[in-house]
Amino acid sequence: MLSIEVNSLSKKFGKFLAVDNVSFNVNKGEVFGFLGANGAGKSTTIRMLCGILEPTSGDAKVGGFSVMNEPDKVKQKIGYMSQKFSLYNDLTVEENINFYGGVYGLFGEKLNERKKWVLKISDLKGKENLITASLPGGIKQRLALGTAVIHNPAIVFLDEPTSGVDPIARRQFWELINDISDRGTTVLVTTHYLEEAEFCNNIILINAGKLIAHGTPATLKKDYLKNKIIEIECDDPVSAMNILSKEPFVDDTSIFGNNIHLSVNEIYNSKTQISDSIKTNNKINIKRIDPIVPTLEDVFIHLLEKGK
Amino acid sequence: MQPIIKIEKLSKSFGDIKAVNKISFDVAKAQMFGLVGPDGAGKSTIIRILTGLLSYDNGSIKILDMDLKKNKKKIQDNIGYLSQKFSLYGDLTIDENIEFFAKIHGVSNYEGRRNELLKFTRLTEFRDRLADNLSGGMKQKLALVCSLIHKPKILYLDEPTTGVDPVSRRDFWKILANLLKDGVTIFMSTPYLDEAERCNKVALINKGKIISIDSPEKIKESTNKTALEIVCNDVKNAASIIKNNTELEIQLFGDRMDIISNNYKDDYIQIEKILSDNSIEIISHRNKTLSLENVFILKVKNENVEA
């Protein structure tokens with residue numbers, strides 16, 4: 001069952017085409033990753049899908065309603081959490097929950113029941129009277145997500161929700177996202193961290209307003225990255241990187257501690273090309289050259305560089 | 001080789017809270033050193049102490065062979081600091097921001113260095129643009145240029161890539177790699193373990209203490225565990241079945257799961273049986289090295305159990 005259907009959606013600001021004929025579908029209850037560089041059109045698309053920005057052309061159905069013709073009905077179906085965690089810092093935990101409950105029309109027994117749930121997922125039971133500003137980042141983040149879904153929306157939009165949160169808090173947050181999607185809420189999430197995109201069931205990548213890739217993490221790695229990724233361990237990796245980056249068989253280079261990662265194109269045929277190239281500087285001793293499994297970051301850098 | 005930063009039994013308390021608790025470590029010249037830990041672990045406190053912005057209670061710190069307490073000013077002349085907030089002036093242009101930082105550091109003939117740094121970071125064509133009108137990635141590069149104008153020997157970066165997109169981030173790492181080549185030592189803090197993989201040496205800290213310090217490869221080897229990757233149908237359901245039937249730790253991804261394993265072969269046999277009993281078919285599996293993130297979470301959990 002589809003939760004979001006986007007059909008040829010476009011948005012122009014003056015002459016600038018921010019979103020260019022984008023179409024994709026999101027299944028009910030899935031965790032859907034929406035990726036792209038800054039300025040690629042992510043926020044513009046999300047604002048249209050939330051019914052707060054009118055498309056120039058095309059349409060999208062969100063929770064069964066058209067964003068073009070029924071934006072107010074769309075708003076009742078969704079929750080939204082931004083990277084700034086839209087909580088009121090000078091209110092207590094409970095006041096924030098009551099405020100969002102009120103905004104979404106909850107009261108009485110229903111509000112109490114959902115309040116209990118929000119307190120539980122954010123580990124704040126018994127701490128209702130703490131001032132929100134005093135909470136650690138990870139707790140605040142879960143409270144923000146709890147308030148964004150306090151009305152049990154069909155769909156929740158998370159815009160870079162994990163910016164600046166530590167590894168342990170981030171993992172707890174993703175477990176919570178999985179729980180929410182298990183209960184049938186569709187989660188659409190944007191992130192700059194490609195390792196997080198691995199947690200998504202399906203992903204799209206947009207660049208300069210256009211959709212350039214769509215699939216599961218595994219199919220993206222298989223179908224979109226024609227290049228191989230090679231890891232080289234050697235002395236003086238920075239000098240070796242600078243030599244290799246001039247080779248026609250190398251599209252991109254990157255340093256990982258004492259290792260270099262190369263993205264090599266179809267001109268590449270064997271390790272000797274690499275060792276011959278590095279040997280032009282006889283001070284560099286090569287320890288090993290091995291192909292490795294590409295990351296989603298490798299795939300996306302490749303697609304974005306190609307698109308330039 | 002003489003360490004460029006040498007810290008012994010460093011402690012710092014805020015009231016009753018021991019933010020930094022008897023920490024000792026060395027950083028070698030031209031190394032990329034990463035300080036990794038959760039919020040509140042003491043990362044920013046350590047960086048602020050090393051830059052001389054914050055006093056410390058006990059221990060000794062030698063930077064560039066000088067005692068930090070006795071030679072603070074001299075050490076500060078030789079360091080650059082890029083904070084999380086990129087302290088730039090939004091209503092000044094790129095050129096003017098750099099000029100401002102040059103003057104703060106008492107660099108009088110900065111024009112040549114400025115041109116060189118703008119070229120190095122590929123910002124030259126934007127030099128007349130106001131800082132407010134730059135993208136996140138460009139702001140980050142400008143802040144880096146400002147912190148390098150006085151040719152520091154050590155560069156401190158406090159969570160430098162928060163909010164920066166992947167393409168700009170990769171660009172940023174390339175620039176840093178070339179600084180290492182020029183002999184600059186880079187000391188950074190990050191909450192992102194995949195970024196820590198880019199360092200030569202990493203210190204994992206938690207609650208003001210070092211829980212592990214070594215190269216990323218050695219830290220990963222130190223656990224004697226591996227990650228067993230399973231790709232199967234209905235992976236969410238499969239993960240909860242394994243969770244209910246074993247003590248194994250599972251990390252769920254969108255289309256697969258990683259199971260932290262002490263013994264790959266035995267664990268796989270057990271999992272294969274549990275899943276086939278529940279009519280779930282395994283599509284593929286492989287044994288992988290743990291990620292630094294997995295190792296970090298294991299070590300922090302162990303600490304908390306022992307404490």
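Here the structure is a predicted model, which means the values were calculated and not measured.

Calculation rules
- Residues numbered from 1 in each chain as written.
- Chains lettered and ligands numbered in written order.
- Predicted model: local features only at pLDDT ≥ 70, side-chain atom pairs only at ≥ 80, totals over all residues.
- Heavy atoms only, no water.
- Pairing = 2+ DSSP bridges.
- Helix = DSSP H or I, 4+ residues; strand = E, 2+ residues; numbered from the N terminus.
- Axes fitted to C-alpha atoms, helices over the stretch in contact; angles between N-to-C directions.
- Buried < 20%, exposed > 50% of the residue type's maximum accessible area, 1.4 Å probe, protein only.
- Arc of directions from axis to C-beta.
- Contact = heavy atoms within 4.5 Å.
- Domains from an automatic or database assignment.

S.K.: Give me the lowdown on the sheet that holds strand 8 (residues 185-190) of chain B, citing residues and values where you can.
M.R.: Residue and element names in this part refer to chain B. Read from one edge of the open sheet, 6 strands run 6-7-8-3-9-10, paired in mixed fashion. The sheet is open, and its two borders are formed by strand 6 (79-82) and strand 10 (209-214), each paired with just one other strand. For this sheet, the mean inter-axis angle between neighbouring strands, taken without regard to orientation, is 15°. Pairing analysis gives 4 bridges linking strand 3 (residues 32-36) to strand 9 (residues 201-206), with the strands arranged parallel. Residue pairing in the sheet places Phe33 in a bridge with Lys201 of strand 9.

S.K.: Summarise helix 3 (residues 94-104) of chain B; cite the residues concerned and give the values.
M.R.: Residues and elements named next belong to chain B. Of the positions making up helix 3, those classed as buried are Ile94, Asp95, Asn97, Ile98, Phe101 and Ala102. Summarising the axial view, the buried residues of helix 3 lie within an arc of 165°, below the 170-degree limit, and thus occupy one face. Residues of helix 3 that are exposed and angled more than 90 degrees away from the buried face: Lys103 and Ile104. Buried positions along helix 3 lie against helix 4 (111-120) and helix 5 (136-148). Residue Gly106 follows helix 3 closely and has a positive phi angle near 70°.

S.K.: Could you give an account of the domain arrangement of chain B, naming the residues involved and the relevant values?
M.R.: The assigned domain composition of chain B is domain 1 (3-215) and domain 2 (224-289). On a C-alpha basis, the centroid separation for the pair domain 1 of chain B and domain 2 of chain B is 41 Å.

S.K.: Describe the sheet that holds strand 2 (residues 17-28) of chain B, naming the residues involved and giving the relevant values.
M.R.: Residue and element names in this part refer to chain B. Reading across from one edge, 2-1-4-5 is the order of the 4 strands in this open sheet, with antiparallel pairing throughout. In this open sheet, the two strands that pair with only one neighbour each are strand 2 and strand 5 (66-67). Looking at chain direction, strand 4 (residues 58-63) and strand 5 are connected through 2 bridges and run antiparallel. If you follow Ile63 over to strand 5, its bridge partner there is Met66. Sheet strands touched by helix 1 (residues 43-50): strand 1 (3-14), strand 2 and strand 4. Its angle to strand 1, the strand with the most contacts, is close to 120°.

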